[in-house]
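Residue-level listing of the chains:
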Amino acid sequence: MPVLGTAQSNMLDQLDSGVAPATDYTTATFKSTRVVNAQSVENLSEGVLDVRIDHRFGPVNEGGYTFFGLDEANTRFQFDYGIKDWLQVGIGRSAVPKSYGGNIKLKFLRQSTGKVNMPISLVYNLFTNVDALNYTGPRNNDFSNRLSYVHQIVIGRKFSENFSLELIPTLIHANLVELSTQKNDQYAMGIAMRQKISKRVSINLEYFYLYPTLSVTDAFTNSLSLGMDIETGGHVFQIFLTNSLAMNENDVITDRSENWLKGGIHLGFNISRVFTTYKPKHNSI
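Residues numbered from 1 in each chain as written. Predicted model: local features only at pLDDT ≥ 70, side-chain atom pairs only at ≥ 80, totals over all residues. Heavy atoms only, no water.

Here we look at the nonpolar core
Phase 1 of the analysis: Ile 172, Leu 210 and Ile 253 are the most contacted members of the largest nonpolar core, which totals 16 residues.
Phase 2 of the analysis: If we ignore the near neighbours within four places in the chain, the residues touching Ile 253 are Gln 152, Thr 170, Ile 172, Ala 188, Phe 208, Leu 210 and Phe 220. (Core = buried A, V, L, I, M, F, W, Y, C linked by side-chain atoms within 4.5 Å. Buried < 20%, exposed > 50% of the residue type's maximum accessible area, 1.4 Å probe, protein only. Contact = heavy atoms within 4.5 Å.)

Below you can see the structure in the form of structure tokens.
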């Protein structure tokens, strides 16, 4: 008789005993809710607060006068909270450009095996940005004209213990644009990946491609970031190189990033510290 594999044998044992197979959910597709600038498929668990400090220095091609960008800084403070395992909300403020933003992140699918066999995780992220700059020119500064929105579907899969990949189709809408040639709606595609190199360290890469429009030409430089995650207990420390000074989703994707080949590279880091405010009695997934 043929010899049954372990997984098949275990399944038959469960059926014989009348016990339904359990659902085994995939964990740690990424180590943080963000890859670098991009949202990952990870959500905070219910009752967990994540306090984030994100920092970008100036471009290295400014040379010794700014100590290769280290004299300059852009900082963002972000607070994210897990209302349910599938529902996360956040609010934050960026210094450059001055703005406030909030997001809602909904997890619709979670990669799993066993009773529920789901090959991917799928998350919807809605980000709303409020422009806080002071304007002096002939511009309608109604509050609604300061608003812009980012809609993203994050589709990710953990292919092995060490490698994860996600795609991020994106729609950006600005209520007000500066030029008549610009479109209120713009479309982009993001890709991000994680390669684990040790128990607590991984290499991350992300790239956003903004589809050309009348206001986006072939000369437009898209956002590209390469970094490293270092996990230390309740902290996740991310250090990286990026050609994007901004940190809001809409500015990262639609603002003209600098050229890597011409030294338009910013050293940056994200620090994430999580706090458990309470432990739910039941798993909400």
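There's more to say after this.
Some remarks on unusual backbone geometry
Phase 1 of the analysis: The peptide bond linking Val 96 to Pro 97 adopts the cis configuration, its omega dihedral lying at -15°.
Phase 2 of the analysis: Mapped onto the elements of the fold, Pro 97 is located in the loop between strand E4 (87-94) and strand E5 (99-109).
Phase 3 of the analysis: In this structure, Ala 28 is a non-glycine residue whose phi angle is positive, near 55°.
Phase 4 of the analysis: Here Ala 28 is to be found in the loop between strand E1 (23-25) and strand E2 (48-59).
Phase 5 of the analysis: Judged by its relative accessible area of 25%, Ala 28 falls in the partly exposed class.
Phase 6 of the analysis: Positive phi, close to 50°, is recorded for Phe 67, a residue that is not glycine. (Helix = DSSP H or I, 4+ residues; strand = E, 2+ residues; numbered from the N terminus.)

Thoughts on the pairing of strand E8 (residues 147-158)
Phase 1 of the analysis: Sheet topology places strand E7 (residues 121-131) next to E8; 10 bridges connect them, and they run antiparallel. When the bridges of E8 are listed, Val 130 appears paired with Leu 147.
Phase 2 of the analysis: Taken together, the 9 bridges between E8 and strand E9 (residues 163-174) define a ladder with antiparallel strand orientation. In the strand pairing of E9, Arg 157 is matched with Leu 165.
Phase 3 of the analysis: Here E8 folds back onto E9, and the loop between the two strands holds 4 residues. (Pairing = 2+ DSSP bridges.)

A word on the confidence of the model for the chain
Reading fine detail from the predicted coordinates is not recommended where pLDDT is low.
Phase 1 of the analysis: Within the chain, residue pLDDT values average 88, and 88% of them lie at 70 or more.
Phase 2 of the analysis: No element of the chain has a lower mean pLDDT than helix H1 (residues 6-17), at 50, and none a higher one than E8, at 98. (pLDDT = per-residue confidence, 0-100.)

Some words on the environment of Phe 57
Phase 1 of the analysis: Mapped onto the fold, Phe 57 is located in strand E2.
Phase 2 of the analysis: Overall, the relative accessible area of 16% leaves Phe 57 in the buried class.
Phase 3 of the analysis: Between the C-alpha atoms of Phe 57 and Leu 241, which are 184 residues apart in sequence, the distance is 9.8 Å.

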